[in-house]
Amino acid sequence: MDVDSDKKESTETSDKQDSALNVNTELQHQLEQNNGNMLTSQLSEDKDFPCSKDQEITSFDDLKTDQYRSEATFSYAVEYAKLIKYQTQYSPAVYVRLLPWKIMVLPNIRALGFFLQCRGDIDWTAWSCKAYAELRIKCHKPDAPPYTRTRIKHIFCTKDKDYGYANFISWQDLIDPEKCLVNNECVTFEVHIVADIPRGIMWDSKKYTGYVGLKNQGATCYMNSILQTLFFTNQLRKAVYKIPTEADDSSDSVGLSLQRIFYELQSGDYPVGTKILTKSFGWEALDSFMQHDVQEFLRILLDKLETTMNNTSLEGTMRRLFEGKMSSYIKCKNVDYNSIRYETFYDIQLNIKDKKDIFESFKEYIASENLNGDNKYDAGLYGLQEASKGVIFTAFPPVLHLHLMRFQYDPITDNSIKYNDRFEFYEQINLDQFLLEKEKTPADYVLHAVLVHSGDNNGGHYVVFINPKADGQWFKFNDDLVSSCSKTEAIEQNYGGMDDKISFQPKCSNAYMLVYIRLSELSNVLANITKEDIPYELLERLDEVERIEVSKIKYFIEAELYITINILTEDVFELHQRQKLFDPEDVFHHIIKVKQTATVDEMMNIISKACCTPKNRMRIWTVFLSQGRNQKMAFYDIEHDGYRALESITTRYKPWSIFLEIAPPDVPLTMSQTFDAKKDIFMFIKFYDALNNSLNYIGCAQLPLDKVIWDIIVEVNAKLGFDLATKLKIYDEYTKKYIINIKEPLKNILDLSDNLQGYILVFEKDYTKTNMDVPTVKDYFLDVMFRTEVIFLDKSNPNEPEIILEMPNRYTYDQMVQAISVRINTDFDKIQFFTCVSNLKDSPGTAIPYLFKGTIEELLNDGKKGRSKKIYYQRLSLSIHELDNNKEFKCVWVSNDLKEEKELVLYINKNDYVKELLEEAAEKIQFSENSQKQLRLLKVSNHKIVAIIEQNVSFETLQKSYEPMIPCNPQKTFRIEEIPTEDLQLTENEMLIPVTHFSKELYNAFGVPFLIKAANGETYGTLKQRIQTRLNVTDKEWETYKLTVISMGRMVDMNDDSLIELNMFKAYRNVITSCFALEHKQD
């Protein structure tokens, strides 16, 4: 031992922390052997032991009761007399994570060594456990901290069982009276350890915690964390069980997949797979190896569940659980004008940058913004006004999802970065101060789950800490591993930041999402769920699924008793249009299963019966699929080896792939069952037809090696019906060269070095001097080798079946257009293409310029090899060239009875007027019976008609004067409709006035607004009768309607005898400020 060195470092750990090290294993064993008379020590029961709250373990019995714990603090008192004798001291074992941990004290001449030791079971050959620990010596001075060094972090394993300091403290410091480290001739050593779940040992999550985990498919840890969080939202789990899925297909039903996962998590003993869920999303295998955004995934999953629950008794479950409410307001400072919009939310995004805790983030969320200067608010009649703008919560949900915005855009790096700032959140919070008005019950919440991300913006790992019963007992869910953990590990250690006193964890590991449950709803949200709460019909179906799974396993076990024979016949080769004889990845085999103990003769009897062909007219050839890039064959001598059992000859080839050669009708009744590779050769013949750009299979033949190539040409000409003297070129597929000397025998031309058969010769006419696109078979093979499967989707009609075309990479935009125009029966110049934007869901992207000069390969190059490429197309009413001079205008067409709506896409010359716009629309719509075929253009906002656009307004003015409209959005859109006959002629005393529908409050507008003709001085009773007629509603239904007037945002009630004054309905600056409103009363 090097007593002059402050620290002793093992050669195996020289690359680890320079402040902590391993004890040399050989030296350690020597010291143990010399310590046969070591006195038995005991664990300290001193109640003043300085450690974290709820972490101190004060007796050996307590340590032994929970061997699965994640952390512990224990101490060991050693007599000073033993230390000065340089005797190695070991404490009794303390079990953490099923592993025995000991304090090891190793005195030397210069100083005292202090180590943490972990010795796994001798039966565990490859165990390892990552642990963090603080080593310290107790100070007996009142209120004084212990003597300690830098915390250690180490992966303990069979080779590295101990870790610590060889020179933890010098003898001089140890006995210094001022430090008070020796008390009653004893030194008390203390260790606080936090250990991860060990690897290499059998960790039974169900046994140790009562819960099971989820399998990771590659990069689905984010999904596993969300699923566990939703599973422990018991009210949601109970609702999921009740989703009617009896008629659902298990391969694409999100509801059924989630039912199965939840049931297995609840009743199973082993980690649960999630492939059924990702498959129901339509994800490919590659998607499971890509991390998606947690918030986006959660929203999509909840949206799918909500859609599944609609029109069932479960409708509204998601809203009742997760929906909160807020109001967005703009309040003018100098005039009496306010704007309020009510919104709902399923989650809240909180900014964590430069924020101390969750309360500061909420305060920033509801902080108001001043609108002044150039940013003043347009208050309609009041003009531009100074105002304050903000949001305030009006109701918080039973289950509150909070997303911490750790990933944000950084303008300096022009990239998304992760903020690992310290951000505090608490086990219990009250949010009353952020409400507009207090609710019936206090907004008190208890923390239920903490979703943690470790890594950076490029990727990482997700785990979730869950408090299943909200009773302070936390568990860590790390994919398939579940373990108990302390409250500190679940909460404080995931604040982030740089405070080493709080956490041993890497600084990039911190909370990303929080789930709180309202205390007043705790008993409902976390109500216990038993098997009796699961519908009997669902249990039956899940049991059936389990039986199917068991039968599959049984099938695979029984499959070991049989061998699969994949039989290839010439009809497969006839369909193949590429190099070789077939595509191994996409080939149709005739499959039979034969017991491995059966003989070859018995197999041939089965094949003969299946093919209705005598055995003497068949031969078999073993196909070698892995022989380089070639598909070669070897003759199997049935006569010589027919007695052999299949298991003795097919060990290397499972399944056994064979080519079944069947004699054609023009050969003798009996086929030769022999083949001599020294005299004969077996080959396949193809013909390339350059005129039709096709490759044709001709047949196979056994030929003498002495046969001259010219003789084969003559036979091929005869087979194809050509003149026997027709000159043909011959291409050898395996050497990828043309055969030049046609007067040589086969044995001098072909490469016979591998002693295998199945050569392929391709014959073709010579078109090299023509202007053909693909004149030779060599060009043809290059063309088909570099092709891409393109999926074309109708942008305007998502229900239209997709079109799949295999196109050469060299194809230009024009060639692509020609190919797709034939398939959809549309003029090639009236098609527009769009790129595909892929995330969790495919959607149309930007338009592809029709002047694109690149190739298909360049157009579709998105770096995702092996994936089908998608392009959206749209049929046009005008040519793509005319589209350059036209602007796209999207609006909604409403039928005359106000019951039918559909999107219209019009292309208008930028110099046209609304008149031309309406003329274009007239060609695309179907007018009602007896219609005058007159149209009008309206502007609709929030289900209210706010403007009637005159026909003399130019399209350019229309774009400038009116804010951009979003089609098919109920908030804002342009609308085209027929003008009813009664509206065509208006007198000076008549006006068209909008009518809107609403429920309870004006902001709850809904449905299709419409125009009604009103006369100055007529009664409201007369007007109501016309509105009833316009809507075609019954008298009984009409009783639930109430007609009011909205003027400047306020409701004015009118009785039936009141007279209409048209002056109050006149538009101000072409904007309608007053209208009629129909309130729909609810029972």
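Residues numbered from 1 in each chain as written. Predicted model: local features only at pLDDT ≥ 70, side-chain atom pairs only at ≥ 80, totals over all residues. Heavy atoms only, no water.

## Regarding the overall build of the protein chain
Here is step 1: Helix and strand content of the protein chain: 27 helices and 52 strands.
Here is step 2: Partitioning the contacts of the protein chain with sequence separation of at least 6, the portion at a separation of at least 24 is 67%.
Here is step 3: Carbon and sulfur atoms form 48% of the exposed surface of the protein chain, whose accessible area is close to 55,500 Å². (Helix = DSSP H or I, 4+ residues; strand = E, 2+ residues; numbered from the N terminus. Contact = heavy atoms within 4.5 Å. Areas by Shrake-Rupley, 256 points an atom, 1.4 Å probe, with all protein chains shown as cover.)

## Description of the sheet that holds strand S31 (residues 632-636)
Here is step 1: Overall, mixed pairing links the five strands, which are arranged S29-S28-S32-S30-S31 in an open sheet. With one partner strand each, in any of the chains shown, strand S29 (590-595) and S31 form the two edges of the open sheet. Going from strand to strand, the sheet's axes swing by 35° on average, the running direction of each strand aside.
Here is step 2: As judged from the six bridges shared by strand S28 (residues 562-568) and S29, these two strands associate in the antiparallel manner. Its bridge partner lying in S29, threonine 564 is registered against lysine 593. (Pairing = 2+ DSSP bridges. Axes fitted to C-alpha atoms, helices over the stretch in contact; angles between N-to-C directions.)

## What about the pattern of salt bridges?
Here is step 1: Within the structure shown, the criterion is met by 30 salt bridges.
Here is step 2: The salt bridge partner of arginine 787 is aspartate 783, with a shortest N-O separation of 3.6 Å.
Here is step 3: Given a relative accessible area of 6%, aspartate 783 falls into the buried group.
Here is step 4: In this structure, arginine 975 and glutamate 977 form a salt bridge, with 2.6 Å as the shortest nitrogen-oxygen distance. Comparing arginine 975 with glutamate 977 shows no difference in burial state: the two are buried.
Here is step 5: Taken together, the shared-partner salt bridges in this structure form one network comprising Arg578, Asp783, Arg787, Glu806 and Arg810. (Salt bridge = Lys/Arg side-chain N within 4 Å of Asp/Glu carboxyl O. Buried < 20%, exposed > 50% of the residue type's maximum accessible area, 1.4 Å probe, protein only.)

## Digging into the packing of aromatic side chains
Here is step 1: Per the stated rule, a full pass over the model turns up 54 aromatic pairs.
Here is step 2: Ring geometry for phenylalanine 232 and phenylalanine 477: centres 5.4 Å apart, planes at 55°, overall tilted. Of this pair, phenylalanine 232 sits in the loop between helix H6 (221-231) and helix H7 (234-241) while phenylalanine 477 sits in strand S25 (residues 474-478), and the two are 245 residues apart along the sequence. Like phenylalanine 232, the residue phenylalanine 477 is buried in the burial classification.
Here is step 3: Between tryptophan 621 and phenylalanine 682, the aromatic rings sit 4.1 Å apart at their centres with planes inclined by 15°, giving stacked as the arrangement. With tryptophan 621 in strand S30 (residues 618-624) and phenylalanine 682 in strand S33 (residues 680-689), the pair connects residues that are 61 residues apart, well separated along the chain.
Here is step 4: A relative accessible area of 0% places phenylalanine 682 in the buried class.
Here is step 5: Within the aromatic cluster, the residues linked to one another by ring pairs are Phe573, Phe582, Trp621, Phe635, Phe659, Phe675, Phe682, Phe684 and Tyr697.
Here is step 6: Here the basic side chain of lysine 632 rests over the ring of tyrosine 759, its NZ or CZ set 4.5 Å away from the ring centre.
Here is step 7: Lying over the aromatic face of phenylalanine 834, lysine 795 brings its terminal NZ or CZ to 4.8 Å of the ring centre. (Phe/Tyr/Trp six-rings, centres within 6.5 Å; stacked < 30°, edge-to-face > 60°. Lys NZ or Arg CZ within 6 Å of the ring centre and 35° of its normal.)

## Some details on the nonpolar core
Here is step 1: Of all hydrophobic cores here, the largest spans 59 residues; its most connected members are Leu230 and Phe262.
Here is step 2: Aside from chain neighbours lying at most four places away, what touches leucine 230 is Leu236, Phe262, Leu298, Leu301, Leu302 and Phe322.
Here is step 3: Core analysis: the next-biggest nonpolar cluster, separate from the first, contains 46 residues, Val572, Met683, Ile685 and Ile760 among them. (Core = buried A, V, L, I, M, F, W, Y, C linked by side-chain atoms within 4.5 Å.)

## As for the packing of H6 against helix H10 (residues 294-309)
Here is step 1: Where H6 contacts H10, the two axes come as close as 10 Å, and the packing angle between them is 50°. Here H6 lies oblique to H10, going by the angle between them. Helix-helix and strand crossings are classified by hand; for H6 and H10 the assignment is right-handed. Contacts between H6 and H10 involve Tyr222, Met223, Ile226, Leu227 and Leu230 on the former and, on the latter, Val294, Phe297, Leu298, Leu301 and Leu302.
Here is step 2: Classifying every residue of the contact of H6 with H10 gives ten nonpolar, no polar and no charged. (Parallel < 35°, antiparallel > 145°, perpendicular 65-115°, else oblique. Left-handed = near helix turned anticlockwise from the far one by under 90°. Nonpolar A, V, L, I, M, F, W, Y, C, P; charged D, E, K, R; others polar.)

## Thoughts on the sheet that holds strand S40 (residues 831-837)
Here is step 1: Read from one edge to the other, the open sheet built from five strands follows the order S39-S38-S42-S40-S41, with strand pairing classed as mixed. In this open sheet, the two strands that pair with only one neighbour each are strand S39 (803-808) and strand S41 (843-847). The sheet shows a mean angle of 40° between the axes of neighbouring strands, direction not considered.
Here is step 2: In the packing of helix H22 (residues 813-824) onto the sheet, the strands contacted are strand S38 (787-794), S39, S40 and strand S42 (869-875), and the crossing angle to S39 comes to about 150°.

## Observations concerning the environment of proline 100
Here is step 1: Along the chain, proline 100 turns up in strand S4 (residues 99-107).
Here is step 2: Between the alpha carbons of proline 100 and glutamine 67 there is a distance of 8.9 Å; along the sequence they are 33 residues apart.

## Description of helix H12 (residues 358-366)
Here is step 1: Those residues of H12 that sit buried are Ile358, Ser361, Phe362 and Ile366. Taken down its axis, H12 places every buried residue within 125° of arc, on the same side.
Here is step 2: As for H12, its buried residues are in contact with strand S14 (348-351), strand S18 (387-395), strand S19 (399-405), strand S22 (428-430) and strand S27 (509-518).
Here is step 3: Two or three places before phenylalanine 359, at the opening of H12, aspartate 357 has a side-chain oxygen 3.2 Å from that residue's backbone nitrogen. (Arc of directions from axis to C-beta. Polar contact = N/O pair within 3.5 Å; in protein donor to acceptor, adjacent residues only side chain to side chain.)

## Considerations on unusual backbone geometry
Here is step 1: A positive phi angle, near 70°, is found at leucine 98, a position not held by glycine.
Here is step 2: Relative to the elements of secondary structure, leucine 98 occurs in the loop between strand S3 (94-96) and S4.
Here is step 3: One non-glycine residue, asparagine 930, lies in positive phi territory at about 65°.
Here is step 4: The residue asparagine 930 is located in the loop between helix H24 (914-922) and strand S45 (935-941) in this model.

## Overview of the side chain of threonine 788
Here is step 1: As for its position among the elements, threonine 788 is in strand S38.
Here is step 2: Exposure remark for threonine 788: the relative accessible area of 16% places this residue in the buried category.

## Details of helix H26 (residues 1020-1031)
Here is step 1: Here H26 is twelve residues long and its end C-alpha atoms lie 16 Å apart, about the 16 Å a rise of 1.5 Å per residue gives.
Here is step 2: Within H26, burial applies to Tyr1020, Gly1021, Leu1023, Ile1027, Gln1028, Arg1030 and Leu1031.
Here is step 3: Buried residues along H26 sit against strand S48 (990-999), strand S49 (1001-1015), helix H27 (1035-1038), strand S50 (1041-1047) and strand S52 (1074-1080).
Here is step 4: In the stretch just after H26, asparagine 1032 is the one whose phi turns positive, near 55°. (Expected span 1.5 Å × (residues − 1).)

## Here's the deal with the environment of isoleucine 226
Here is step 1: Here isoleucine 226 lies in helix H6.
Here is step 2: Note on isoleucine 226: relative accessible area 1%, which makes it buried.
Here is step 3: Note: C-alpha distance between isoleucine 226 and alanine 449 (223 residues apart in sequence) is 9.8 Å.
Here is step 4: Aside from chain neighbours lying at most four places away, what touches isoleucine 226 is Val294, Phe297, Leu298, Leu451 and Met513.

## So, the confidence of the model for the protein chain
Here is step 1: Averaged over all residues, the pLDDT of the protein chain equals 82, while 88% of them reach at least 70.
Here is step 2: The weakest mean pLDDT in the protein chain belongs to helix H1 (residues 25-33) at 35; the strongest belongs to S22 at 95.
Here is step 3: pLDDT under 50 marks residues 285-291. Its contacts with residues more than four places away, or in other chains, come to 20 contacts.
Here is step 4: Under a pLDDT of 50 for its full length, residues 963-970 has, in the predicted model, 16 contacts with residues more than four places off or in other chains. (pLDDT = per-residue confidence, 0-100.)

## Concerning a nonpolar patch on the surface
Here is step 1: Taken together, Ile340, Tyr342 and Tyr1003 make up a surface patch of nonpolar side chains, about 310 Å² in accessible area.
Here is step 2: Positionally, tyrosine 342 belongs in strand S13 (residues 338-345).
Here is step 3: Residue classification places tyrosine 342 among the partly exposed residues on the basis of a relative accessible area of 40%. (Patch = residues over 30% accessible without salt bridge, like charges linked within 9 Å, V, L, I, M, F, W, Y side chains within 5 Å.)

## Observations regarding the packing of helix H8 (residues 254-267) against helix H15 (residues 536-559)
Here is step 1: Running from N to C, H8 and H15 point in directions that differ by 80°, and their axes come no closer than 11 Å. By the angle class used here, H8 and H15 are roughly perpendicular. In this structure, H8 uses Leu256, Gln259, Arg260 and Tyr263 to contact H15, whose residues at the interface are Leu538, Leu539, Arg541, Leu542, Asp543, Val545 and Glu549.
Here is step 2: A breakdown of the residues in the contact of H8 with H15 according to their chemical character gives six nonpolar, one polar and four charged.

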